[in-house]
Amino acid sequence: LDVVLAPGVTGHQEGITIPSPLTADIYGVLPHMHALGQRITVSAAGGCLVDIPDWDFHWQSTYFFTDGPAHVPQLANISVSCTYDNDTTEVVTFGEGTSDEMCLAYFYFVPNP
């Protein structure tokens with residue numbers, strides 16, 4: 001995902017939707033953005049897995065589901081959506097530094113035959 005945030009932009013959204021490459025049970029999600037992130041939402045097979053409407057960079061954690069795994073059939077859509085406010089005077093792009101930005105989600109899953 002190629003994140004490009006213009007100086008002073010608010011409410012800028014980036015996201016991606018891809019088909020699941022396999023059938024799996026998802027047990028947890030680790031959403032990831034940097035300091036300019038405002039909201040991150042992760043969904044799969046039409047259901048919300050994680051929605052953090054007031055992102056804080058220091059909350060980076062894995063969220064495990066207490067009600068059991070989310071079943072995701074092969075080719076079901078998996079989506080990640082990120083919202084940013086760039087209160088700097090610089091263009092901010094995707095990168096590994098904390099002054100850069102990201103829009104990622106890591107999944108803890110078990111494939112099903």
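No experiment lies behind these values; they were computed from the predicted model shown.

What counts and how
- Residues numbered from 1 in each chain as written.
- Predicted model: local features only at pLDDT ≥ 70, side-chain atom pairs only at ≥ 80, totals over all residues.
- Heavy atoms only, no water.
- Pairing = 2+ DSSP bridges.
- Helix = DSSP H or I, 4+ residues; strand = E, 2+ residues; numbered from the N terminus.
- Axes fitted to C-alpha atoms, helices over the stretch in contact; angles between N-to-C directions.
- Core = buried A, V, L, I, M, F, W, Y, C linked by side-chain atoms within 4.5 Å.
- Buried < 20%, exposed > 50% of the residue type's maximum accessible area, 1.4 Å probe, protein only.

S.K.: Tell me about the sheet that holds strand β8 (residues 77-84), residues and numbers included.
M.R.: Strand order in this open sheet of four strands is β2-β8-β4-β5, and the pairing throughout is antiparallel. Each end of this open sheet is capped by a strand with a single partner; those strands are β2 (12-19) and β5 (47-52). Between one strand axis and the next, the sheet turns by 10° as a mean value, whatever way the strands run. For strand β4 (residues 37-44) and β5, the ladder comprises five bridges, and the chain directions are antiparallel. By the bridge assignment, Thr41 is partnered in β5 with Asp51.

S.K.: Could you give an account of the nonpolar core, with specific residues and numbers?
M.R.: If you look at the biggest cluster of nonpolar residues, it comprises 22 residues, and the most contacted ones within it are Val29, Ile40, Val42, Val80, Cys82 and Tyr84. For this core, the elements supplying multiple residues, two or more each, are β3 (24-32), β4, β5 and β8. Of the residues forming this core, the biggest block, four residues, is contributed by β8.

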